[in-house]
Amino acid sequence: MNDHAGLYAFEKEVKNKFDVYNSLFLNLPFRTVSNIGMFIPLLHHACQQGLDADRDPLAILDSFFRVHTGIKTEKEKIDFMFNVIQYVERQVVLYDSAEDAAFERLVQLDDHLSLKDCITLLKSKDKTCSLTDDLSCFSARLVFTAHPTQFYSPSVLNIIGKLKTMIARNDIDGIDLTLQQLGLTSLINVRKPTPFDEAQNIIYLLRHVYYEAVGELYASVKKTLRDSCFDCPAIIELGFWPGGDRDGNPFVTAAITADVADELRMNLMKCYYRDVNRLVRKLTFRGVEEALEKLRGRLYATMYDPAQTIRYEEIMDPLVDIRASLMENYNSLYLDELDTLIDKVNIFKTHFATLDIRQNHNVHRETVQAILKKENLIAQRLDELGDVELIAILLREDIAVHPDQFEDALIRDTIQTIVEMKRIQRKNGSEGCNRYVISHAEDMFSVLYVFSLLRWCGWGKGDVPVDIIPLFESMEGMKRAGSIMQALFDIPQYRAHVAQRRNRQTLMLGFSDGTKDGGFLQANWSIYTTKETLSAVCDDYGIKAIFFDGRGGPPARGGGKTHRFYASHGKNIANHAIQLTIQGQTITSMYGTKAHFKHNCEQLLTAGLSTRLFEKENTITRKDRQLIEKLAQLSFEKYTALKNHAMFIPYLENKSTLKYYGKANIGSRPDKRGTKEKLDLDDLRAIPFVGAWSQLKQNVPGYYGVGTAVQSLVAEGKTEHLKQLFNGVPFFKALILNSMMALSKCNFELTAYIAKDDAYHDFWNMLLDEYRLSKEMVLLISGYRVLMEEELTSKKSIEIRERIVLPLLAIQQYALQKIERRSTHQPLYEKIVQRSLYGNINASRNSA
């Protein structure tokens, strides 16, 4: 994108429209303070002016109440602050809608290589056949998760959709009315959502956005290739974790998994029914009409009754027959519309999205231990067996297990889940539930336990139609990953299983826990080198490595510019597919509309193909690797020292919003694994960990250690080499740009009062020093004058969002200060903190 043209278009299409329609907020209907909108500009000015003058939020807000309002009592102040929070939340919704409305126009000014551009370029080089072949054996899989940073209800999503459409056509009356509706609509959950609630929220998007978007994207690929015979429905695949991911979530049970699978299938049947209904009104021809009516009736029977199912062939065969009849007898009338439905049935079959199962390695270990004890193969513990003896037992095929044989609820449910996987495959097709992800995989037994359980509890001696996916997420797990997979491939029974799964081994790498464990640079470099190692191991055994990345929203959890990240991969990393989790607000911010979905999916395809189709490869020389390795090690040491600091855990517990994540009605999953009372960083979930730093506007996991590492090498005279690294190694540049995004969202002025705290002043100053140093160093090696200099539109968007939520953040800190001072209204201040989480999470769009 031409920076100035793009910024001008952004100002015109987004900022100006937001400013105009934001004025309508002045009349939003709030029951207690009708003119709350009048105070917002004054409050923002007071907050910014106060922070600039080094005043703390307590003093800023008390002064605001005294000077600008007639509010006297503390209860009145609290009521006012709750109304401000509600107001700001709705401003965020309006801004999101304005950005979404402008997306299609702004993306036309983008300089990303589109799939159409890619094909045009390759045609000039006579590589069109190569592209068709590559597209036929490449895929992108988006796996939607239920991680607790996505909580807009369908009613709010409908409002956002209406606003987007109205803003695009400047319908001021409609916008005014819809904003009034928004003002009276609750944006938060009155109770914690269940796993089934979370699944339904994302199924809503599957049905109302992704069903059509995937079909349109596939049609676009065929049209761009000018090859109507192109047949690769797996080019875009959808995965689903809500209801399947039970790692640390006791509320996800086998029964929930079964219910979610039914819900996925029944909603897909509703989509098919709607399309067939449209065709019935058009294909009014003898022979064709009757076949469609019969199919419509079959689909209707499956839409609401989970016991009623229909096989893929029972849908496809009539459509193929109708197609032949249209071509032979009816001048191919409406053939394109029929072909679109056929494509969608080929893509979604009867499952809609693949429901992944995920569970922690330790649960599998406990389950296997209970089974072997029941079989009298051990007395009490697996430790009684040596590795060779244990492997021999795990590979046995004569053990049959039923959940009713065990009293422990978790063990029973683990076994029942595998029983349900087999049942789901019968009802939804083999792709309905054919992946099992193992969290915290750190040895070969992580995989072997699941391999055994799938046979003992489900499939017996036959082939096991399930991909077993180890998730390597700790530094130690990534170090061992290569040797673990090598040892597994050397086991004939497991190698035969991989062969039965088309000689493809899916391997998951966790950015979130990796960054929590090793810091930003070390985690990302470890993941990169682990992918190289695993690619080589798989190649040695004639196996295709498929990498599945557990990426969150912000850079600290593997987020940031996804397309840039994948395009930066080198030739030593297997590139057969791109698979990644789509989490939190990223679901609605990056894939929430058809336009967003199609663009970002196309960018993933282009990123994956770009490393296969062009002469220039992303290579990292030995000298550059040594430099990155040194940076990663130095940053790891700095980050580890921070984690080991005596005030690290107390700071998070007492100065951040960490403890309030678990209390808010955001997600069904607890904020930490296990039941320990004392906070343990290993048990803490990455989302509340990263989210707490985001709420503080300190974003420590997204940059901490980068400044120290770069400064150390600058002191060694490596400045020019670092600049060359930034400009010449796409992977390193992608990391630094993502770190810049994290730095851009920092605001240490907000918590500057902690510098005067007797207990925490040294720790806070240490964080501030590393922030300043990291900012200085990334500007030095990039040659930029300001952060995100190459991404001015994104930078402007961040600035506007941060300005919108500044009053909310000041209120949050005010409440935390009041809680610390033991206010008599402490329960209400705790509610303010909880409530303030929502608006800030949504405003950031990738805060956790």
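To keep things clear, this report deals only with the structure shown in the data block. Counting from 1, residues in each chain are numbered in the order their sequence is written. Where local features are concerned, this predicted model is filtered to residues with pLDDT of at least 70; where side-chain atom pairs are given and counted, the filter is 80 or more; whole-chain, interface and lining totals use all residues. The side-chain values count all of the structure's non-hydrogen atoms but skip hydrogen atoms and water molecules.

In this section: the overall build of the chain. By the criteria applied, helices consist of DSSP H or I runs no shorter than four residues and strands consist of E runs no shorter than two, each listed in order from the N terminus. Scanning the chain from N- to C-terminus turns up 34 helices and 9 strands. Based on C-alpha atoms, the radius of gyration is set beside the globule rule, defined as 2.2 Å times the residue count to the power 0.38. For a compact globule of 848 residues, the expected C-alpha radius of gyration is about 29 Å, and the chain comes in at 28 Å, within 12% of that figure. C-alpha atoms of the chain, sized along the principal axes, occupy 80 × 70 × 60 Å. Here the term buried applies to any residue with accessible area under 20% of the maximum for its type, exposed to any over 50%, and partly exposed to those in between, with areas from a 1.4 Å probe on protein chains only. By residue count, 62% of the 848 residues in the chain fall in the buried class. Sequence-distant contacts, at least 24 apart, represent 81% of the contacts inside the chain between residues at least 6 apart. Charge centroids of the chain, computed over 106 positive and 107 negative side chains, lie 3 Å from each other. Here, two residues are considered to be in contact whenever any of their heavy atoms come within 4.5 Å of each other. Charge assignment in this entry is limited to Lys and Arg as positive and Asp and Glu as negative, and neither His nor the chain termini are counted. To locate a charge, take NZ of a lysine, CZ of an arginine, CG of an aspartate or CD of a glutamate.

Attention now moves to the pairing of strand E4 (residues 357-360). Side-chain alternation along E4 places Ile357 and Gln359 on one buried face and Arg358 and Asn360 on a second face that is also buried. Think of it this way: DSSP has to see at least two bridges between two strands before they count as a pair. Alignment of E4 against strand E5 (residues 435-439), held across 4 bridges, turns out to be parallel. Within the sheet, the bridge partner assigned to Gln359 lies in E5 and is Ile438.

So, on to the sheet that holds strand E1 (residues 139-144). Taken in spatial order, the 9 strands of this open sheet run E3-E2-E1-E9-E8-E7-E6-E5-E4, and their pairing is parallel. The two strands at the open ends of the sheet, each matched to only one other strand, are strand E3 (354-355) and E4. Both E1 and strand E2 (residues 236-240) contribute to a ladder of 5 bridges, which runs parallel. The partner of Ala140 across the bridge, within E2, is Ile236.

Attention now moves to the pattern of salt bridges. Salt bridge, as used here: a side-chain nitrogen of Lys or Arg that lies within 4 Å of a carboxyl oxygen of Asp or Glu. Inspection of every chain in the model, using the stated rule, returns 50 salt bridges. One salt bridge in this structure joins Arg105 and Glu13, with 3.1 Å as the shortest N-O distance. With Arg105 in helix H4 (residues 74-107) and Glu13 in helix H1 (residues 3-22), the pair connects residues that are 92 residues apart, well separated along the chain. Looking at Glu13, the relative accessible area reads 15%, which means it is buried. Connected via shared salt-bridge partners are Glu212, Arg274, Asp275, Arg278 and Lys344.

Next up on the list: the pairing of strand E7 (residues 504-510). In terms of residue burial, E7 counts as a mostly covered element, since 7 of its 7 residues are buried. Where burial is concerned, the two faces of E7 agree: the one with Arg504, Thr506, Met508 and Gly510 and the one with Gln505, Leu507 and Leu509 are both buried. The pairing of strand E6 (residues 467-472) with E7 spans 2 bridges and is parallel. Pairing of Phe472 across the sheet is with Leu509, part of E7.

Of note in this structure, Asn331 is not a glycine but carries a positive phi near 55°. Relative to the assigned elements, Asn331 resides in the loop between helix H12 (312-329) and helix H13 (335-348). Classification of Asn331 as exposed rests on a relative accessible area of 73%.

Let us look at the side chain of Thr69. Mapped onto the fold, Thr69 is located in the loop between helix H3 (57-68) and H4. Within the structure, Thr69 has its side chain in polar contact with the backbone oxygen of Phe65 (distance 2.7 Å). Pairing of N or O atoms within 3.5 Å defines a polar contact, subject to two protein rules: one partner must be a possible hydrogen donor and the other a possible acceptor, and residues neighboring in sequence count only if both atoms are side-chain atoms. Here Ile71 takes part through its backbone nitrogen, which lies 3.2 Å from a polar atom of the side chain of Thr69. Apart from residues no more than four positions distant in its own chain, Thr69 is found in contact with Phe39 and Phe64.

Position of Asp262 relative to the elements: it lies in helix H10 (residues 254-280). Those residues within four positions of Asp262 in sequence are excluded, and the remaining contacts are Pro306 and Lys427.

Before going further, it helps to examine helix H2 (residues 36-52). By this rule, a helix spans an expected 1.5 Å times one less than how many residues it contains. For H2, spanning 17 residues, the distance from its first C-alpha to its last is 24 Å, which sits close to the expected 24 Å at 1.5 Å a residue. Among all positions of H2, only Ile36, Gly37, Phe39, Ile40, Leu43, His44, Ala46, Cys47, Gly50 and Leu51 are buried. Each element contacted by the buried residues of H2 is listed here: H3, H4 and helix H33 (792-820). Where H2 terminates, the next one or two residues include Asp54, which has phi positive at roughly 65°.

Relative to the assigned elements, Lys17 resides in helix H1. Separated by 85 residues in the primary sequence, Lys17 and Ala102 place their C-alpha atoms 9.8 Å from one another. Ignoring sequence-local partners within four residues, the contact set of Lys17 consists of Lys12, Arg105, Ile167, Ala168 and Asn170. A distance of 3.3 Å separates a polar side-chain atom of Lys17 from the backbone oxygen of Ile167. Of note is the side chain of Lys17, whose polar atom sits 3.4 Å from the side chain of Asn170.

Moving on: the packing of H33 against helix H34 (residues 826-844). For the pair H33 and H34, interaxial distance at closest approach is 9 Å and the crossing angle is 155°. In this view, H33 runs roughly antiparallel relative to H34, as classed from their interaxial angle. Taken as a pair, H33 and H34 cross one another with a handedness that is left-handed. Between H33 and H34, the contacting residues are Arg801, Glu802, Val805, Leu808, Leu809, Ile811, Gln812, Tyr814, Ala815, Leu816, Lys818 and Ile819 on the first element and Gln826, Tyr829, Glu830, Ile832, Val833, Ser836, Leu837, Gly839, Asn840, Asn842, Ala843 and Ser844 on the second. To define axes, lines are fitted to C-alpha atoms, for helices over the stretch in contact only, and angles between the resulting N-to-C directions are given on a 0 to 180 degree scale. Orientation labels follow simple angle bins: below 35 degrees gives roughly parallel, above 145 gives roughly antiparallel, 65 to 115 gives roughly perpendicular, and whatever is left gives oblique. The handedness criterion is simple: a crossing whose near helix is rotated anticlockwise from the far helix by less than a right angle is left-handed, and one whose near helix is rotated clockwise is right-handed.

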